[in-house]
Amino acid sequence: MLCGIDDLRCKEVIDIATGERLGNIDDAEINLETAEVVSLVIYGRLRLFGLLGREEDIVVECGDIKVVGSDVVLVKRPERRVLAKDTNIGRIGLKSLLK
């Protein structure tokens, strides 16, 4: 099956490892020397209607693509390490106000 960039832009990208909807394909990175598509780019989601900018873009390597369907692209991204953060530092919680 051959698919153009315009056809890919309409497809939704889902990570099969987490079931997370990553978004729609917005752009492609192409190696100009070999004329190969290197990766697909999904622009980050808007924060507060775009007033606070965007989240980071998601770059999906072509090797991570598992299935390209008629309306969905299934990918399996490498596991990301999540750093443990204490999110309560410096915050005044509701429980502390009621004590």
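Preceding this paragraph is the structure being described.
Anyway, here's the lowdown on the structure attached to this text. These numbers were taken from a predicted model, which means no experiment stands behind them. (Residues numbered from 1 in each chain as written. Predicted model: local features only at pLDDT ≥ 70, side-chain atom pairs only at ≥ 80, totals over all residues. Heavy atoms only, no water.)

**Overview of the overall build of the protein chain**
Turning to step 1, where the next piece is worked out: When you go through the protein chain residue by residue, the secondary structure sums to two helices and seven strands.
Turning to step 2, where the next piece is worked out: Evaluated residue by residue, the protein chain yields a buried proportion of 19% over its 99 residues.
Turning to step 3, where the next piece is worked out: Long-range contacts, defined as pairs at least 24 residues apart, comprise 30% of the intrachain contacts of the protein chain with a sequence gap of at least 6.
Turning to step 4, where the next piece is worked out: Element-wise, carbon and sulfur atoms account for 54% of the exposed surface of the protein chain, whose accessible area totals about 8,200 Å². (Helix = DSSP H or I, 4+ residues; strand = E, 2+ residues; numbered from the N terminus. Buried < 20%, exposed > 50% of the residue type's maximum accessible area, 1.4 Å probe, protein only. Contact = heavy atoms within 4.5 Å. Areas by Shrake-Rupley, 256 points an atom, 1.4 Å probe, with all protein chains shown as cover.)

**Some points on the side chain of Asp 15**
Turning to step 1, where the next piece is worked out: Locating Asp 15 in the fold gives a position in strand β1 (residues 12-15).
Turning to step 2, where the next piece is worked out: The class for Asp 15 is buried, based on a relative accessible area of 3%.
Turning to step 3, where the next piece is worked out: A distance of 3.1 Å separates the side chain of Asp 15 from the backbone nitrogen of Ala 17, its partner in a polar contact.
Turning to step 4, where the next piece is worked out: Leaving out residues up to four positions away in the same chain, Asp 15 has contacts with Glu 20, Leu 22, Val 75, Lys 76 and Arg 77. (Polar contact = N/O pair within 3.5 Å; in protein donor to acceptor, adjacent residues only side chain to side chain.)

**A short note on a nonpolar patch on the surface**
Turning to step 1, where the next piece is worked out: On the surface, Leu 48, Phe 49, Leu 51 and Leu 52 cluster together into a nonpolar patch covering about 540 Å² of accessible area.
Turning to step 2, where the next piece is worked out: Mapped onto the fold, Leu 52 is located in the loop between β4 (36-42) and β5 (58-61).
Turning to step 3, where the next piece is worked out: Accessibility expressed as a relative area gives 56% for Leu 52, which makes it exposed. (Patch = residues over 30% accessible without salt bridge, like charges linked within 9 Å, V, L, I, M, F, W, Y side chains within 5 Å. Salt bridge = Lys/Arg side-chain N within 4 Å of Asp/Glu carboxyl O.)

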